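Chains, contacts and geometry: an overview
Here is what each chain is made of, one letter per residue.
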Protein chains: 2
Amino acid sequence: MSEEAIKIGLLGLGTVGSGAYKIIEKNQDLLKSRTGIGFEVTKILVSNPQKKRRVNVPQELLTTDTSSILHDPQIDVVVELMGGVTASYHYIKEALEQGKYVVTANKDLMATKGEELHRLAAEKNVKIFYEASVGGGIPLIRPLQNSLGANRILRIMGIINGTTNYILTKMSLESMDFDSALAEAQAKGFAEKDPSSDLEGWDAAYKLAILARLAFDSAIDIDDVHREGISMVDIRDIQYAKELGFTIKLLAIGEDLEKGIALKVHPTLVPLNHPLASVNHEFNALFVEGDAVGEVMFFGRGAGEMPTGSSVVADLMDAAREIKLGDKSPSLQPSEKRNILPVSELVSPFYLRLQATDEPGVFGYLATVFGGENISLDMIIQKRSEGGIAEIVLVTHAVQEKKLEAALNKVHKFAAIERVASVYRVIEKK
Amino acid sequence: MSEEAIKIGLLGLGTVGSGAYKIIEKNQDLLKSRTGIGFEVTKILVSNPQKKRRVNVPQELLTTDTSSILHDPQIDVVVELMGGVTASYHYIKEALEQGKYVVTANKDLMATKGEELHRLAAEKNVKIFYEASVGGGIPLIRPLQNSLGANRILRIMGIINGTTNYILTKMSLESMDFDSALAEAQAKGFAEKDPSSDLEGWDAAYKLAILARLAFDSAIDIDDVHREGISMVDIRDIQYAKELGFTIKLLAIGEDLEKGIALKVHPTLVPLNHPLASVNHEFNALFVEGDAVGEVMFFGRGAGEMPTGSSVVADLMDAAREIKLGDKSPSLQPSEKRNILPVSELVSPFYLRLQATDEPGVFGYLATVFGGENISLDMIIQKRSEGGIAEIVLVTHAVQEKKLEAALNKVHKFAAIERVASVYRVIEKK
């Protein structure tokens, strides 16, 4: 290839690496005609060069020697697709130090070390791109940075973890219980053998931290994100939610409130007519509210070889234009850390499922307790009791979380209340 | 303001102009912190400086003298928000000739003169930005150009006209007839007094031409778009569609087929579980299928003061970065015109509503005619006849349009067929 080709070193040739490689091979002509630049993968770091691959790669590209990539003066861009946060962190730092552009799909790393890596890139007059780290193939990073840049972003709400959305969809549409839905997700490759990072909301929390950084112009620490997973979601909750006109989704929510930013990942009752309610199976979506644009939503496949590869190669195109043509994409401006609000200060309606012995006075007691905290009730379901235990479902009007907690502490003390089985936040119906 | 401010001349202070002005005023600090650049509107072209405005603008900014903007060496960017294709075309050309950047929301102009204006801008080493010309506040132009740039785009399908979507939604969800729905859309400001450009699909066709240019790397003429409007859509069709599991939407569809590109705007039966089916009221959405990314969708408000203003100011931010910081956004590469396929060659399932006198042999005849053209039927509804006229609804399997036409020509000749009342294309269920 001519001098006009950009030379790429890949770190990792797993699912996403294979996807990126395939796209560069298959759409070579298209990339060249759209940018005027050729794209050439010249080296690929793998741990075992003999391993059978999901993509045909000339054997001579494979290497186990990281340094031969990071210190190759011919290589313009290092693409990190190994995952993890230890080796990848050192390799990316070294690549930047060497004056190379970096493209990465590593959400854990960008969520925890993003500020530092951006600062180092700016010092070295290069850039780090990471569109593939959130939402797979869905354009999210660029729209937040550019297309929606004129907006004060008021809220972002996303279904940004495909595993949990697949499980909740199966529970909701096919009345599967949690364990069967998880087993099916694992069988189909939508959930890992150890699914805890997805189920406990860690994956979504990392992604939220990355998006919130851009939406709210604030440095974000992963511990700023309040996090609740889906492993406690019961099929009964999904059925009650449906009766009330809701579906249950694991949402990642960031809000710019007057006094600070709120960041949360939790199972949420979403009204059935909300655009997020029909985002099902392994699909992801990000719903954004801006002060000018109003409501916009971005929808698509949030993971997978080719979708994620699509974002990696889009980043490579931006890097190539910048290196070869001097077309600079906007830099991330450094931001001070803004005030992060604790969830106890936040306000939202709540869904509660209580189990009580079927005796007179339970409702009267609940009414007194909630009334005492000024919590008014929007919806109530009580079904005939089974085995002497009645199930009571309540949806409150908007209430501050610490007031709800105070009320629930009193509810727990009442002997007739066997259990507060579920407590979920609710997106208000419009 | 300092030298770091970009000086803006607005042409037009109607709905979108007011929105852009308000955003620049309200979010001044934000724009400055995100770009490092100040934004200053220094002159505004209006036809009547005394007119009462929807926004507070210092009287001294207003001028009726176009030349005082186009030839002001202080002005960096001219923002054309007047609409129309005659004066705006000359003003934009003059602005580019003068070495000024241009931002426009003018879809008619960009669809018909886009290639020429891009060429002129490139010659003068400036740019023309037009995110606001399609989809109001929804990011569409940039994602197609950048984020999805690694993909061969196979298909774009959009609800990109809010007026017709509002009318079809009212007909579908509230069983309104066409005339009442149109009257309500006009009363709410979603339809113009003369709604023909929207109803007949012209507005959607212009927007499709702009999007297809980017998606398929081809020059496009507006006459390349096959166009059918919604004014013939009957409430009965919407009801039958619902029975069959569909809703009717005005879709703008562009496809990259093996032998060329197909471009069409027409009422379409969309399966109820398709993401476009739940895009209702004045909302717009673009559904994109790429060879790598799979399916993605962009959703939001496709018109209005603030949403469209949001896109105008995003373009201004890009222009400002380029002018003041040398951050260049990608240029549109010139493209040859690709082959455009006539609709007669295209293939899709069809929905047909026929009215026939209620006599024996009608079904037998239809079966013979369709069978003779190798057209197989997927769904059939026949309801009890009213006044001796039976209504027969058929959905075919995928068929080439010229074969369907040949069959319909025979159907017309059969005396028992009173009328072929409706013929609509269908998006296949998955």
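Residues numbered from 1 in each chain as written. Chains lettered and ligands numbered in written order. Predicted model: local features only at pLDDT ≥ 70, side-chain atom pairs only at ≥ 80, totals over all residues. Heavy atoms only, no water.

**Details of the sheet that holds strand 2 (residues 38-45) of chain B**
Residues and elements named next belong to chain B. Reading across the sheet, the six strands line up as 3-2-1-4-5-6 and stay open at both edges, with parallel pairing between neighbours. The sheet is open, and its two borders are formed by strand 3 (62-63) and strand 6 (128-129), each paired with just one other strand. In this sheet, strand 4 (residues 77-80) lies alongside strand 1 (residues 5-11) in parallel orientation, the contact comprising four bridges. When the bridges of strand 4 are listed, Leu11 appears paired with Glu80. (Pairing = 2+ DSSP bridges. Helix = DSSP H or I, 4+ residues; strand = E, 2+ residues; numbered from the N terminus.)

**Focus on the interface of chain A and chain B**
The interface is formed by 50 residues belonging to chain A together with 50 residues belonging to chain B. Roughly 4,200 Å² is buried in total at the junction of chain A and chain B, and carbon and sulfur atoms are behind 49% of that figure. The largest per-residue losses of area from chain A upon contact with chain B belong to A:Arg34, A:Ala150 and A:Phe299, which jointly make up 15% of the total buried on that side. Inspection of the region where chain A meets chain B yields four salt bridges. (Contact = heavy atoms within 4.5 Å. Buried area = accessible area lost by both parts, 1.4 Å probe. Salt bridge = Lys/Arg side-chain N within 4 Å of Asp/Glu carboxyl O.)

**Thoughts on unusual backbone geometry**
Residues other than glycine seldom take positive phi values, yet A:Asn374 does so here, at roughly 65°. Looking at the secondary structure, you find A:Asn374 in the loop between helix 13 (362-372) and strand 15 (377-382). Relative accessible area serves as the criterion here: at 70%, A:Asn374 is assigned to the exposed category. Positive phi outside glycine occurs at B:His281, with the angle close to 55°. Counting through the fold element by element, B:His281 comes out in the loop between strand 10 (260-271) and strand 11 (283-290). (Buried < 20%, exposed > 50% of the residue type's maximum accessible area, 1.4 Å probe, protein only.)

**A look at the domain arrangement of chain A**
Here chain A is partitioned into domain 1 (5-137 + 305-325), domain 2 (147-301) and domain 3 (343-426). The gap between the C-alpha centroids of domain 1 of chain A and domain 3 of chain A is 52 Å. (Domains from an automatic or database assignment.)

**Overview of the sheet that holds strand 2 (residues 38-45) of chain A**
All names here are of chain A. If you trace the six strands from one edge of the open sheet to the other, you get 3-2-1-4-5-6, paired in parallel fashion. Every interior strand has two partners, whereas the edge strands, strand 3 (62-63) and strand 6 (128-129), have only one. Both strand 1 (residues 5-11) and strand 2 contribute to a ladder of seven bridges, which runs parallel. Following the sheet pairing, Leu11 is matched in strand 2 by Leu45. Those strands touched by helix 4 (residues 87-97) are strand 1, strand 2, strand 4 (77-80), strand 5 (101-104) and strand 6, and its axis lies near 150° from that of strand 5. (Axes fitted to C-alpha atoms, helices over the stretch in contact; angles between N-to-C directions.)

**Observations regarding the packing of aromatic side chains**
Aromatic ring pairs: the centre-centre distance and the angle between the two ring planes describe each pair. Under the counting rule described, the total for this entry stands at 11 aromatic pairs over all chains. With a centroid separation of 3.9 Å and an interplanar angle of 15°, the aromatic rings of A:Tyr365 and A:Phe414 are classed as stacked. Here A:Phe414 lies in the loop between helix 14 (401-413) and strand 18 (417-426) and A:Tyr365 lies in helix 13, a separation of 49 residues in the sequence. Measuring from centroid to centroid gives 4.8 Å for B:Tyr166 and B:Phe190, while their planes differ by 45°, and the two rings are tilted. Separated by 24 residues along the polypeptide, B:Tyr166 in helix 7 (residues 162-174) and B:Phe190 in the loop between helix 8 (178-187) and helix 9 (196-199) bring together distant segments of the chain. The exposure class of B:Phe190 is partly exposed, given its relative accessible area of 28%. In this structure, A:Arg227 is placed above the aromatic ring of A:Trp202, and the distance from its NZ or CZ to the ring centre is 3.7 Å. (Phe/Tyr/Trp six-rings, centres within 6.5 Å; stacked < 30°, edge-to-face > 60°. Lys NZ or Arg CZ within 6 Å of the ring centre and 35° of its normal.)

**Some points on the pairing of strand 11 of chain B**
Residue and element names in this part refer to chain B. Counting buried positions over the eight residues of strand 11 gives eight, a clear majority of the element. The two faces of strand 11 match: Phe283, Ala285, Phe287 and Glu289 on one face and Asn284, Leu286, Val288 and Gly290 on the other face are all buried. Across six bridges, strand 7 (residues 153-159) lies against strand 11 in antiparallel orientation. The partner of Ile159 across the bridge, within strand 11, is Ala285. Sheet analysis places strand 11 next to strand 12 (residues 294-301), joined by eight bridges and oriented antiparallel. Note on strand 12: the bridge partner recorded for Phe283 is Arg301. Hairpin connection of strand 11 to strand 12: three residues between the antiparallel strands.

**Topic: the relation of the copies chain A and chain B**
Once chain A has been moved 0.0 Å along the axis and rotated by 180°, it coincides with chain B to within an RMSD of 0.0 Å. The superposition of one copy onto the other is thereby described by a two-fold rotation axis. Both copies present the same face, since 100% of the interface residues in chain A are matched by interface residues at the equivalent positions in chain B. (Least-squares fit on C-alpha atoms with pLDDT ≥ 70 in both.)

**A few points about the pattern of salt bridges**
Residue and element names in this part refer to chain A. Summed over the entire model, instances satisfying the criterion amount to 69 salt bridges over all chains. One salt bridge in this structure joins Glu305 and Lys22, with 2.8 Å as the shortest N-O distance. One end of the pair, Glu305, is in helix 12 (residues 305-325); the other, Lys22, is in helix 1 (residues 15-26), with 283 residues separating them in the sequence. On the accessibility criterion, Glu305 (13% relative accessible area) is buried. The class of Lys22 is partly exposed, set by a relative accessible area of 26%.

**Section: the nonpolar core**
Burial of nonpolar side chains together is a common tendency in soluble globular proteins. Within the largest apolar cluster, 230 residues are counted, with the highest numbers of intra-cluster contacts made by A:Phe39, A:Ile44, B:Phe39 and B:Ile44. One finds A:Val270, A:Met297, A:Phe299 and B:Leu276 within the second-largest nonpolar core, a separate group that totals 28 residues. (Core = buried A, V, L, I, M, F, W, Y, C linked by side-chain atoms within 4.5 Å.)

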